[in-house]
Amino acid sequence: MASSEVARQLQNDNCRPLSLSGHVGFDSLPDQLVNKSVNQGFCFNILCIGETGIGKSTLIDTLFNTSFDDRVSTHFQPNVRLRAQTYELQESNVRLKLTIVNTVGFGDQINKEDSYQPIVDYIDAQFEAYLQEELKIKRSLYNYHDTRIHVCLYFISPTGHSLKTLDLLTMKNLDSKVNIIPVIAKADTISKTELQKFKIKLMSELVSNGVQIYQFPTDDETISKINATMNGHLPFAVVGSMEEMKIGNKMVKARQYPWGIVQVENENHCDFVKLREMLICTNMEDLREQTHARHYELYRRCKLEEMGFRDTGPENKPVSLQETYEAKRHEFFGELQRKEEEMRQMFVQRVKEKEAILKEAERELQAKFEHLKRLHQEERMKLEEKRKLLEDDMIAFNKRKAATELLQAQAFASTPSVSLKKDKDRKNFM
Amino acid sequence: MFKGSADNKIEAAMSELVPEPRQKPAVPMKPVGINSNLLGYIGIDTIIEQMRKKTMKTGFDFNIMVVGQSGLGKSTLVNTLFKSQVSRKSSGWNREEKIPKTVEIKAIGHVIEEGGVKMKLTVIDTPGFGDQINNENCWEPIEKYINEQYEKFLKEEVNIARKKRIPDTRVHCCLYFISPTGHSLRPLDLEFMKHLSKVVNIIPVIAKADTMTLEEKTEFKQRVRKELEVNGIEFYPQKEFDEDLEDKTENDKIRQESMPFAVVGSDKEYQVNGKRILGRKTPWGVIEVENLNHCEFALLRDFVIRTHLQDLKEVTHNIHYETYRAKRLNDNGGLPPVTAETEENHESNL
């Protein structure tokens, strides 16, 4: 039967409960909803955090029964990077888009102060991408490829003693952003008694440091019992292996040692089956829901408050984000306008300056021109005077020449032997 | 059996998002037999069960609006659809009551449960529509009401501290009742549907279909379909929102043959052939409501409730609401911002 959550909300709305006198048919509604979701496909994103070589890739391969990636990382990474790979799996009619994000180089550096920061940044980036899509004006959320991390498998080294400082620090920074499921890796290196003590120590350390790991939900009666028991088995001690051996008459996944064979799917040997049950078969949907309803909402709230939005205005009257958004937009446009004005003013200023300079230059040129012209005029006048003088000189000279010749002619007339030639000359001359 | 293939190998501290187009096979996938070998089976398909359980726990909302002139049998039809006294029939205007000068909007909520599924059903009635002498713009109060519900949802969605489950009062489906004149659509019908088909899913129904013979019915339906097409009125299921071939063929059949559904409603039971069935008793026989030979009520009921209810809600949420939101955020809408006083103007009994 459905829980009382719906009944309570409906009671609050003062709705009359009505009894039906026949079969209406809306009990097919969950099927309609599920069919639509199946058509769209599901997304599931797992983040694996652990030191290099602790068995993250092997465990994921074993969980999903495929060899995802063959690359083995070196220990000499300068900083922590995250590598994400997306795969499409299908089982009966369910299509799953699985994204595995691995931390490369975690715990390898000598100085591990910044190791957790890239992880936090990555998770925030996925939330941010979703938030941006949600805030868009034209958005398409129903076919958005959700990359938000739904679960974080944190691999703890099987030292048998306690949590490493790096582990504590990382988990504390991540517990409000993602669902953390701690697992003890390579559990076949610890004996059963040591394992019990180790688990108790780990849980008490987590509790005393206030780290909130993911608790399997116990509000649905059908799965609450099994979830509650599983909660008591955390952290799961897991062994991963893709190699198969023949045990009895079946092929099982196992690891072979000289002293025996560790079977991955044997519940006496390790908690692998429990992890698979809890992670995939029982709580996958709840993990997705918690990510969206709790972690993402928290991120969104913080981010929006950071950006300056508030739900209530200065007099505690509810201000819708809408209005704040509009106000900010106005502000932004105002800014833009102001900047535009500024630029325009600057432009006008510059133009004026340039104009002034050009005018100056023009004036100078003009002045020069005038000056040159004047000089030219003066030269001309001088030349004119000189010419006049010269002409006067020439006339004077010619006069004198004429006078002298006249005198010469008279001198010859007194001597008659001068031939008629001279007379002719004289005649010609006169 | 399942297959895995590396789709995207992205190497960066920040992973890049590649929105992938929705891949859908043209033929529905038949469930392949689950491999019961422990090594092969992972259990991914249990997510269907997990999801189903969660949705049953949260329950569903459904808001249906009925529009049409008084006396067309709206309340009776809704009662027949949901097999209970969902609406109180208005038995004509008493002399003491005044005829409403404008269209009123009355929303009544009920909780119904069937097979473990709890549904909050809200029926929105519009008394006074088309009843005045001058019916100009009588669709405006209705359009305003629908937009107000979108606005309410938008306000909640845009809050910083959001509710876990935003109460959904948006109108998912609007049944428009056409008078069975046998001729064609009235101008009021066309105007209403033209304006409202852009903001809400409209399902036209021919009311009181027992006044037409089979031939008259077929002809009338054809004429109505033609007129709707000529006027560019897209009723639900809209052609542009068909997601794939499977949907298209199914919806085409409904659009071109069955719609508008010619219905008869009744909440009285009569004994026919030893069975108690809903019907209308007349001197010339009993009209069986759920008999497909008599009327198309069963088709309407299956269409709205049993197959397309979720789709109605999704089209409202993904398309009509998004359109409203985009308009509103873009330039303050072209819509006047809803103020407190307009919310008091319409009567809502919840």
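The structure presented is a predicted model; accordingly, all values stated were derived computationally and were not measured.

Assigned secondary structure in chain A consists of 11 helices and 10 strands. Per-residue burial over chain A gives 42% buried out of 430 residues.

With that settled, consider the domain arrangement of chain A. The parts lose accessible area when they come together, and the size of an interface is often stated as this lost area. By domain assignment, chain A separates into domain 1 (38-307) and domain 2 (319-405). Put simply, the middle of domain 1 of chain A and the middle of domain 2 of chain A, counted by C-alpha atoms, are 80 Å apart.

Let us look at the environment of R325 of chain B. Structurally, R325 of chain B can be placed in helix α8 (residues 309-331). In this structure R325 of chain B comes out as buried when scored by relative accessible area, which is 3%. As for R325 of chain B and E151 of chain B, which are separated by 174 residues in sequence, their C-alpha atoms are 8.2 Å apart. Among all residues touching R325 of chain B, those that are not within four sequence positions of it are E134, L135, K136, I137 and R139 of chain A together with L154 and E157 of chain B.

All names here are of chain B. Along the polypeptide, D61 turns up in strand β2 (residues 60-67). On the basis of relative accessible area, D61 is assigned to the buried category, the value being 10%. With 60 residues separating them in the primary sequence, D61 and L121 have C-alpha atoms 6.1 Å apart. Those residues in contact with D61 that lie beyond four places of it in its chain are K120, R165, D168, H172 and K313. There is a polar contact of 3.5 Å between the side chain of D61 and the backbone nitrogen of D168.

Residue and element names in this part refer to chain B. Read from one edge of the open sheet, 3 strands run β8-β9-β10, paired in antiparallel fashion. The open sheet terminates on both sides in strands that have one partner only, identified here as β8 (269-272) and β10 (285-288). Each strand axis lies, on average, 65 degrees off the axis of its neighbour in the sheet, ignoring direction. With 4 bridges connecting them, β8 and strand β9 (residues 275-282) associate as antiparallel partners. Across the sheet, residue V272 finds its bridge partner in β9, namely K275.

Criteria and thresholds
Residues numbered from 1 in each chain as written. Chains lettered and ligands numbered in written order. Predicted model: local features only at pLDDT ≥ 70, side-chain atom pairs only at ≥ 80, totals over all residues. Heavy atoms only, no water. Helix = DSSP H or I, 4+ residues; strand = E, 2+ residues; numbered from the N terminus. Buried < 20%, exposed > 50% of the residue type's maximum accessible area, 1.4 Å probe, protein only. Domains from an automatic or database assignment. Contact = heavy atoms within 4.5 Å. Polar contact = N/O pair within 3.5 Å; in protein donor to acceptor, adjacent residues only side chain to side chain. Pairing = 2+ DSSP bridges. Axes fitted to C-alpha atoms, helices over the stretch in contact; angles between N-to-C directions.

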